[in-house]
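# Summary of structural features
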Amino acid sequence: MKNFFLAATALFLVTAVSATALEPFAVREGIPNAAAKLQAGGDFTVVFLGGSITKVGNDYGFTQAVPAWLREIMPKATIKVVNAGINGTDSDFGAARTHRAVLAEKPDLVFVEFAVNDGTNDRARSMERIVRK
């Protein structure tokens, strides 16, 4: 499971760094800026927003594995982790608290997970609210 999350994160960062080749998508330079900031070193804040999978975490959870991996590959960066997971919440509630729980931390990188609690409900609007914020 740990390798899955690390591989997914690596793919995400590599794809984002080369995102300029992804026409017709509009890239706002967020991920490339995050990658450049990591490489330069200094303070770097990662926020995890989600439900119980995000909140609980453990040695193999992605809220532990991703920062550990970033520290390993980018040793000059000081990684601050904010776990904004709350058990039993869905993306509707996550969207309502994005400003206070995520944006107030001035994150450089944000991971959003509501897979279990959103279930089969259509939460496209809530997820879009989170992304747009």
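The structure under discussion appears in the preceding block.
Residues numbered from 1 in each chain as written. Predicted model: local features only at pLDDT ≥ 70, side-chain atom pairs only at ≥ 80, totals over all residues. Heavy atoms only, no water.

Counting residues in hydrophobic clusters, the biggest one holds 15 residues, and the most contacted among them are Leu-38, Phe-44, Val-46, Leu-70, Ile-79, Leu-109 and Phe-111. Elements that contribute at least two residues to this core include exactly helix H2 (30-40), strand E1 (42-50), helix H4 (62-73), strand E2 (77-85) and strand E3 (109-113). It is H4 that contributes the most residues to this core, four residues altogether. Those residues in contact with Val-46 that lie beyond four places of it in its chain are Leu-70, Ile-79, Lys-80, Val-81, Val-82, Leu-109 and Phe-111. (Core = buried A, V, L, I, M, F, W, Y, C linked by side-chain atoms within 4.5 Å. Buried < 20%, exposed > 50% of the residue type's maximum accessible area, 1.4 Å probe, protein only. Helix = DSSP H or I, 4+ residues; strand = E, 2+ residues; numbered from the N terminus. Contact = heavy atoms within 4.5 Å.)

It is worth spelling out H4 at this point. An α-helix turns once every 3.6 residues. As a result, residues three or four positions apart point the same way. The end-to-end C-alpha distance of H4, which contains 12 residues, comes to 16 Å, matching closely the 16 Å that a straight helix rising 1.5 Å per residue would cover. If you check which residues of H4 are buried, you get Phe-62, Thr-63, Ala-65, Val-66, Pro-67, Trp-69 and Leu-70. (Expected span 1.5 Å × (residues − 1).)

In this structure, Lys-37 sits in helix H2. On a C-alpha basis, the gap between Lys-37 and Met-74 in space is 10.0 Å, while along the polypeptide they are 37 residues apart. Leave out the neighbours within four places in its chain, and Lys-37 touches Asp-43, Phe-44 and Asp-108. Among the polar contacts made by the side chain of Lys-37, one reaches the side chain of Asp-108 at a distance of 2.9 Å. (Polar contact = N/O pair within 3.5 Å; in protein donor to acceptor, adjacent residues only side chain to side chain.)

With that settled, consider the pattern of salt bridges. For the structure shown, the criterion picks out three salt bridges. Across the pair Asp-108 and Lys-37 runs a salt bridge, and its minimum N-O distance is 2.9 Å. Of this pair, Asp-108 sits in the loop between helix H6 (98-101) and E3 while Lys-37 sits in helix H2, and the two are 71 residues apart along the sequence. Where Lys-80 meets Glu-105, a salt bridge forms, and the shortest distance between an N and an O atom there is 3.1 Å. With Lys-80 in strand E2 and Glu-105 in the loop between H6 and E3, this residue pair connects regions lying 25 residues apart in the sequence. On the basis of relative accessibility, which here comes to 41%, the residue Lys-80 falls in the partly exposed class. (Salt bridge = Lys/Arg side-chain N within 4 Å of Asp/Glu carboxyl O.)

Its place among the elements puts Thr-89 in the loop between E2 and helix H5 (91-96). Of the polar contacts made by the side chain of Thr-89, one reaches the backbone oxygen of Ile-86; its length is 2.8 Å. When neighbours within four sequence positions are excluded, Thr-89 is seen to be in contact with Gly-50, Gly-51, Arg-97, Phe-114 and Asn-117.

Looking now at the sheet that holds E3. Read from one edge to the other, the open sheet built from three strands follows the order E2-E1-E3, with strand pairing classed as parallel. Two strands close off the open sheet at either side, each with one partner strand: E2 and E3. This sheet shows a mean twist of 15 degrees between the axes of neighbouring strands, independent of strand direction. Most of the contacts of H2 go to E1, to which it runs at about 135 degrees, and overall it touches E1, E2 and E3. (Pairing = 2+ DSSP bridges. Axes fitted to C-alpha atoms, helices over the stretch in contact; angles between N-to-C directions.)

With seven of nine residues buried, E1 is to be regarded as a mostly interior element. Pairing of E1 with E2 involves nine bridges; the strand directions are parallel. Bridged to Leu-49 within E2 is Ala-84. Relative to E3, E1 runs parallel, the two sharing five bridges. Considered in E3, the bridge of Phe-48 is made with Phe-111.

Nothing here speaks to function; it is geometry throughout.
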